[in-house]
Amino acid sequence: MRWPLVSRARYDALRARADQLCEERDEALADLGTTGRAFDCIAVELDQAKDVIAHHIVATGDTALRDQLAAAGVDMRLHLADAEKKGARP
C-alpha cells in the first residue's frame, strides 16, 4: 500500500476547492449564454431601428441626417439601399 502524499484533511480541502471551481465555471458558462442571447436581441433591435431611420431618411429626403450619421460612423448603406429599393413613403 502506498502512503498518501498529502494528509486526508488536505486532500479533502483540495477536493472541495476543485468542486467549488467547477461550480463557478458552470455558473459563468450559464451567464455567458444569457449574455450572448441578450446581445443577439440587442443586435436585432438595433437593426430594426436602423431600418426605421433609413425609411425616414429615404421618405423625407433628409440628407442632413444621412450626413450626420455618416460623420458619427454609423454605416447605413445597406439599410438605405433596402429602403430605396422598397420605395419608402412618408
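Residues numbered from 1 in each chain as written. Predicted model: local features only at pLDDT ≥ 70, side-chain atom pairs only at ≥ 80, totals over all residues. Heavy atoms only, no water.

(A) Quick peek at helix 1 (residues 8-60). Spanning 53 residues, helix 1 covers 77 Å between terminal C-alpha atoms, matching the ideal 78 Å at 1.5 Å per step. Along helix 1, the residues classified as buried are Lys-50, Ala-54, Ile-57 and Ala-59. Where helix 1 terminates, the next one or two residues include Gly-61, which has phi positive at roughly 70°. (Helix = DSSP H or I, 4+ residues; strand = E, 2+ residues; numbered from the N terminus. Expected span 1.5 Å × (residues − 1). Buried < 20%, exposed > 50% of the residue type's maximum accessible area, 1.4 Å probe, protein only.)

(B) Seen up close, the pattern of salt bridges. Taken as a whole and assessed by the stated rule, the structure comprises five salt bridges. When the shortest N-O distance is used, the salt bridge between Asp-19 and Arg-15 registers 3.3 Å. One end of the pair is Asp-19 and the other is Arg-15, both in helix 1 and four residues apart, which spans about a single turn. Exposure remark for Arg-15: the relative accessible area of 42% places this residue in the partly exposed category. Across the salt bridge formed by Arg-25 and Asp-26, the nearest N and O atoms sit 3.1 Å from each other. With a relative accessible area of 48%, Arg-25 lands in the partly exposed category. Overall, the relative accessible area of 42% leaves Asp-26 in the partly exposed class. (Salt bridge = Lys/Arg side-chain N within 4 Å of Asp/Glu carboxyl O.)

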